[in-house]
Amino acid sequence: MGVTRSDPVWAQAGQRVVLVTGPSGAGRTTAIGALEDLGYEPIVNLPLSLVPRLLKGHLTGPVALGVDVRGRDFSAAALIELVDMLTKRPDLHLDLLYLDARPEVLERRYSETRRRHPLSPEEDPGAGIAQEMDLLSPIRMRADVLIDSSEMSPHDLRAEVGRFFDTGRTEALSVTVNSFSYKRGVQRGLDLMFDCRFLANPHWEPELRALDGRDAAVADYVAADPRFAEFHQRVLDLLLFLLPAYVAEGKAYLSVGFGCTGGQHRSVAMTESIAKALAEAGWRVSKRHRELERLGHAENEETKVRSGA
C-alpha cells in the first residue's frame, strides 16, 4: 500500500532526495536497487550527521539514501530532526520512503534466509523485529510514501517504487513479460494478461512433463499447436501497437502476463518467445517466471533480455 502525493516526483523543484528506511527484511535493499535503476545515486548507511554535508553541492542528480538501525548514530529522533532540517531547504525536494511488512512476514523471511536480526543477533528474530518496529514507529508516522511489502514479490516492490519515484530519466518504456499459474492466482500488478490454457499442454506428455517452457522440446511442442502461430502474432501485433501509445502517455513500466494451468510450460514458452520478439523490435524487456522462481528453477528474480532500447 502506498501513500499518494498531489503531484509526481519528477514535476517537483529542487534536487530530489529519497530517504529509504523501515524494518529489516521489509525490502530496503530492493527499493534502493530500484531507485538506482531509475537514475538515483544510492548511498547506504551513511551516518546521519554527515548527510547535510553530503547534500551541500557535492551531488547534483537525484539521490537515494538508505538508513537503518545499524547506523552508528541512528535514532528515530535524529532521523526526524534530519528530515525536518532538509525539508526546510529550498534547493531540495525530500521524500521519506518507509518500507513496511507485517511482523509474521518479517519472521518468515528471516527464517527462510537464516539471517540474524541486527537488534537480536543471539536471540529469536521475533524479539528484534518487535523492538525495531517499536523504535521506528515515530518515523513510520512521518513517511511521505509508505509501501507495505507483505504480499509483494521483489518484482512487485520494484514496480511500486517506480510508480512513485520515476524521475523521467529512463530512456524508454521498460516492459516486463511474466509467466504464472492460474491455480496459484492471477499475478499481482499486471497491466495486460493473456490466457494460454487453450494451447496443447506438454504436461500430458511424459517426456516433457519434467521440463519447462524454456526447453526447446517444450517450446516446439507448444508452437506445433495449429492455433499457436496466429495467437502469438496477434498478441505481438497488439503489443507493438500499444507500446508507443504507452510511451506517449508517459508510462515508464508495463507488465504483461501469460498464464496457464501450472505456469511451467505454455505460459513460459509464450513469455520467452514474446520477450525475445519485443527485444528484437528494440524495446527494453525483462522476463519473469513466477512459478519457476517458486520452485527454485530460475536463477534470478528478473532476467534481463535487453538492457537498452
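See the structure above.
Residues numbered from 1 in each chain as written. Predicted model: local features only at pLDDT ≥ 70, side-chain atom pairs only at ≥ 80, totals over all residues. Heavy atoms only, no water.

Looking at this structure, I do not really get unusual backbone geometry. What am I missing?
Positive phi outside glycine occurs at N45, with the angle close to 60 degrees. Counting through the fold element by element, N45 comes out in the loop between β2 (41–44) and α2 (51–54). Assessed through its relative accessible area of 32%, N45 is described here as partly exposed. (Helix = DSSP H or I, 4+ residues; strand = E, 2+ residues; numbered from the N terminus. Buried < 20%, exposed > 50% of the residue type's maximum accessible area, 1.4 Å probe, protein only.)

Explain the sheet that holds β2 here, please?
Adjacent strands of a sheet pair through backbone hydrogen bonds, lying either parallel or antiparallel. Pairing is parallel across the open sheet formed by five strands, whose spatial order is β2-β3-β1-β4-β5. Among the strands making up the open sheet, the edge pair consists of β2 and β5 (145–148). The sheet shows a mean angle of 20 degrees between the axes of neighbouring strands, taken without regard to direction. Here β2 pairs with strand β3 (residues 63–66) via four bridges, running parallel. When the bridges of β3 are listed, I43 appears paired with L65. Taken strand by strand, helix α3 (residues 76–87) contacts β1 (15–21) and β4 (92–100), and its axis lies near 150 degrees from that of β4. Along the sheet, helix α5 (residues 125–142) contacts β1, β4 and β5; its crossing angle with β4, the most-contacted strand, is approximately 135 degrees. (Pairing = 2+ DSSP bridges. Axes fitted to C-alpha atoms, helices over the stretch in contact; angles between N-to-C directions. Contact = heavy atoms within 4.5 Å.)

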